[in-house]
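# Architecture and fold: a report
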Amino acid sequence: MTDRTTTIDDRRARSRPETGTGDAKTGDAEIGTEQVSYLRAGHTLRSWLLTTDHKRIAILYLISVTIFFFIGGAAAALLRVDLLTPEGDLLTNEGYNRAFTLHGVIMVWFFLIPSIPNTFGNFLIPLMIGARDLAFPRLNLISWYIYILGGLFTVVVLITGGVDTGWTFYTPLSSMFSNGNVVLAATAVFIVGFSSILTGLNFIVTVHKLRCPGMTWGRLPLFVWSHYATALILVLATPVLSITLALIAAERVFGLGVFDPALGGDPLLYQHLFWFYSHPAVYIMVLPALGVVSELIAAAARKPVFGYRFVAGSSIAIAIIGFLVWGHHMFVAGQSMYASAVFSFLSLVVAVPSGIKVYNWTATLYKGHISLDPPFLFAMGFIGLFVVGGLTGLILAMLAVDVHVHDTYFVVAHFHYIMVGGTVSAYFGALHFWWPKMIGRRTSVVWGRLSAVLIFLGFNLTFFPQFILGYLGMPRRYHVYAPEFQVLHVMSSAGAGILAVAYLLPFTYLFYSMRYGAPAGPNPVGATGLEWTVPSPPPKHNFATLPVVTGPPYDYEIEHEEAGKAGGGRKGKARTTRRDRADDQGRPTRQAKTAPGEEWQ
């Protein structure tokens, strides 16, 4: 305790000259400079491409992952159109294989994994912990360039004919039978893996070393906890994938016998190495989404998160247990039945910390002051889809059932409910929640609500029929199928059409708001957290003076107490108190700025 106090005091002492309390003249000059928005701190292309500002790098990632999202989405649309008829009239067998491989590679490696950590993690973690930037700003920029380099390799693969192995690069498909550009595609994923490692390393060091005075581990926002757990997986697991892909390339180029039985290799070894990374990679995609939803639920309920310590601890538990369950992907691959039984048990265990989060979110919402704002609707969509995906994951963790539905559309539906339904809903929830902070402009609540509802409905119409298809025996990765499956495939393709419209919709009104949206104040959503104490958009160096945290996270109860003293209805007063705390220039005020129900942001 003594050491901790000394550390904080030392930090405060070191911070004084920087914030102007020790040197008034220098401090005033710094403050004046830092109030310039990061968006206005340079307008040239060079100022963006050579920036080391974590917020600008986050915007670069936002643009990049959006481009890859639409490329991967276009491949998915092609697949769904082809599957409208049992004969597969649109694509050849080879073309279908290459299309679903392209869809998987781009969506997994270039959108789902980097989307929330590299965009919102980059933008928010320094703001949330009271830091001026990440620990290694130049390394952060290098990470983005590595990501872009990997993306360019993937585009070259696409232009030169693609690859037909599936996103998993399973051997012997990738070692003996593939005629596509396996080496080039593996190189692209190999390169982008280094971007993930460097980003994870940056997050870990930042959280350890750059927390502001008073920001103890017990006061960290749950968003930061989730990203810290994600960063641990990124740093520890990604090198295994990189080595595995390098071995595939070495085998194809130099004839080195690692996975090819004809050369003395073992194809099953590839599955062990691949899933040792790729099952934790599931949590790389999901954990940041869980952190986002914790923030959205607390803000929507205007309450502290129920069981904060358990929710934070469950993120670390998921990261640890996630390393122990890879064998449940190999129940039919010939591994020992005793090993399968152990992996089955561990796969059921990992559901416990996930369940803790869902139950605690529900308890947080209980008696909360909830309004149907877009971020809340996206969070509800996430929970619904995540629960369906999680429960079907428990089904797949059971040996007997997994054997029955292995490599069928049941697995495809389960995977998409967790990865796409859950993660993308959280991504859009984060986009709507922090958009005013990032851009400084409000957006329409009506269009946001419509988008959230359409995504939820379109997603379920797309993927729920695939559970039935898989249970009835429809194998995945086939585009010619029995006629009795056509109705379910047509339903799935119709849902994909709705989903495509729903995904396009937010980009239109968010883009529109960049020019025509009403200016946003420092805290237009009435949330707690250090990121809401700075102007929107934030200054270049985030904080004019180093903040000092003195209270717990999610201190919404203070608002409720203030509202209760005011003597009015608790529900309405609580919302009004927080919303009216500051005007657009950050001045304290009690006068409402926005008519209820008209504009949320």
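Residues numbered from 1 in each chain as written. Predicted model: local features only at pLDDT ≥ 70, side-chain atom pairs only at ≥ 80, totals over all residues. Heavy atoms only, no water.

### Things to note about the overall build of the chain
What the chain contains, in helices and strands, is 20 helices and zero strands. When contacts within the chain are restricted to residue pairs at least 6 apart in sequence, those whose partners lie at least 24 apart make up 81%. If you sum the accessible surface of the chain, you get close to 24,400 Å²; carbon and sulfur atoms cover 68% of it. (Helix = DSSP H or I, 4+ residues; strand = E, 2+ residues; numbered from the N terminus. Contact = heavy atoms within 4.5 Å. Areas by Shrake-Rupley, 256 points an atom, 1.4 Å probe, with all protein chains shown as cover.)

### So, the pattern of salt bridges
Tallied over the full model, the rule gives three salt bridges. Across the pair D53 and K55 runs a salt bridge whose closest N-O atoms are separated by 3.0 Å. Classification of D53 as buried rests on a relative accessible area of 7%. When the shortest N-O distance is used, the salt bridge between R98 and E94 registers 2.8 Å. Here the residue R98 and the residue E94 both occupy positions in helix α5 (residues 93-129), the gap between them amounting to four residues, near one helical turn. (Salt bridge = Lys/Arg side-chain N within 4 Å of Asp/Glu carboxyl O. Buried < 20%, exposed > 50% of the residue type's maximum accessible area, 1.4 Å probe, protein only.)

### Observations concerning a nonpolar patch on the surface
On the surface, a nonpolar cluster with roughly 380 Å² of combined accessible area is contributed by L78, V81, L84, L90 and V490. With respect to the helices and strands, the residue L84 is situated in the loop between α4 (54-82) and α5. For L84, a relative accessible area of 32% corresponds to the partly exposed category. (Patch = residues over 30% accessible without salt bridge, like charges linked within 9 Å, V, L, I, M, F, W, Y side chains within 5 Å.)

### Section: α5
The terminal C-alpha atoms of α5, which comprises 37 residues, lie 51 Å apart, in line with the 54 Å expected from a rise of 1.5 Å per residue. Helix geometry: α5 is bent most strongly at P114, by close to 60 degrees. The buried fraction of α5 is high, at 32 of 37 residues. In the segment just after α5, G130 is the residue with positive phi, at about 80 degrees. (Expected span 1.5 Å × (residues − 1). Bend = angle between axes of the 7 residues up to and from the residue.)

### Quick word on the nonpolar core
Judged by nonpolar contacts, the single largest core of 154 residues is most densely connected at W109, F120, F169, F382, W434 and M438. Looking at this core, the element that brings in the most residues is helix α10 (residues 267-301), giving 21 residues. Every residue in contact with M438, bar those within four places of it in the chain, is listed here: Y38, L39, I59, L62, F120, F123 and P537. In terms of nonpolar packing, the next biggest core, distinct from the first, is built from 13 residues, L83, Y409, V412 and Y481 among them. (Core = buried A, V, L, I, M, F, W, Y, C linked by side-chain atoms within 4.5 Å.)

### A look at the environment of S242
You can see S242 is positioned in helix α9 (residues 222-254). A relative accessible area of 5% means that S242 is categorised as buried. Distance in space between the C-alpha atoms of S242 and F190 is 5.1 Å, their sequence separation being 52 residues.

### With respect to the packing of helix α13 (residues 351-365) against helix α14 (residues 374-397)
Here α13 crosses α14 at 150 degrees, and the two axes come no closer than 11 Å. On the basis of the axis angle, α13 is roughly antiparallel to α14. Seen along the crossing, α13 lies across α14 with a hand that is left-handed. Side by side, α13 and α14 meet where A351, S354, V358, W361 and L365 of the first sit next to F376, M380, F382, I383, F386, V387 and L394 of the second. (Axes fitted to C-alpha atoms, helices over the stretch in contact; angles between N-to-C directions. Parallel < 35°, antiparallel > 145°, perpendicular 65-115°, else oblique. Left-handed = near helix turned anticlockwise from the far one by under 90°.)

### Side note on unusual backbone geometry
Residue P172 follows T171 across a cis peptide bond; omega there is 10 degrees. Take P172: it is sitting in the loop between α6 (137-159) and α7 (173-177). With an omega dihedral of -5 degrees, the bond running from S536 to P537 counts as a cis peptide bond. One can find P537 in the loop between α18 (486-516) and α19 (556-566). For R302, which is not glycine, the phi dihedral falls at a positive 55 degrees. Take R302: it is sitting in the loop between α10 and α11 (308-321). Overall, the relative accessible area of 4% leaves R302 in the buried class. A positive phi angle, close to 60 degrees, is found at K367, a residue other than glycine. Taking relative accessible area as the criterion, K367 reaches 66% and is therefore assigned exposed.

### Focus on the confidence of the model for the chain
Parts of the model with low pLDDT should not have their predicted coordinates read in detail. When the pLDDT values of the chain are averaged, the result is 86; 87% of them are 70 or greater. At the level of individual helices and strands, the chain shows its lowest average pLDDT in helix α1 (residues 2-19), which scores 38, and its highest in helix α17 (residues 445-472), which scores 96. The low-confidence segment residues 1-34, where pLDDT is below 50, has 32 contacts with residues more than four positions distant or belonging to other chains. Within the model, pLDDT remains below 50 along residues 566-601, and this stretch shows 76 contacts once partners closer than five positions in the same chain are excluded. (pLDDT = per-residue confidence, 0-100.)

### Here's the deal with the side chain of T230
Considering the arrangement of structural elements, one finds T230 in helix α9. A relative accessible area of 1% places T230 in the buried class. Every residue in contact with T230, bar those within four places of it in the chain, is listed here: Y283, I284, L287 and P288.

### Topic: the packing of α10 against α11
Following both chains from N to C, one finds α10 and α11 inclined at 175 degrees, their axes separated by 11 Å at the closest point. Here α11 runs roughly antiparallel to α10, going by the angle between their axes. Of the residues in α11, those touching α10 at Y283, L287, L290 and S294 are V311, S315, I318 and A319. Looking at the contact of α10 with α11, its residues break down into six nonpolar, two polar and no charged. (Nonpolar A, V, L, I, M, F, W, Y, C, P; charged D, E, K, R; others polar.)

### Focus on the packing of aromatic side chains
Given two aromatic rings, one states the distance between the centres and the angle between the planes to describe the pair. According to the stated counting rule, one finds 47 aromatic pairs in the structure shown. Arranged with centres 5.0 Å apart and planes meeting at 85 degrees, the rings of F274 and W275 form a pair that is edge-to-face. Residue class for F274 comes out buried when judged on its relative accessible area of 0%. Taking the ring centre of W48 as reference, the NZ or CZ of R56 above it sits at 4.1 Å. (Phe/Tyr/Trp six-rings, centres within 6.5 Å; stacked < 30°, edge-to-face > 60°. Lys NZ or Arg CZ within 6 Å of the ring centre and 35° of its normal.)

### Focus on the environment of T171
Mapping T171 onto the fold places it in the loop between α6 and α7. Ignoring anything within four residues of it in the chain, the contact list for T171 reads I248, F259, P267 and Y270. Of note is the side chain of T171, whose polar atom sits 3.1 Å from the backbone oxygen of P267. (Polar contact = N/O pair within 3.5 Å; in protein donor to acceptor, adjacent residues only side chain to side chain.)

### Some thoughts on the environment of V155
Position of V155 among the secondary structure elements: in helix α6. Given a relative accessible area of 29%, V155 falls into the partly exposed group. The spatial distance from the C-alpha of V155 to the C-alpha of L102 is 9.7 Å, given a sequence separation of 53 residues.

### Some thoughts on the side chain of N140
With respect to the helices, strands and loops of the structure, N140 is situated in helix α6. Once you skip the residues sitting within four places of it in the chain, N140 turns out to touch H54, I57, N122, L134 and N202.

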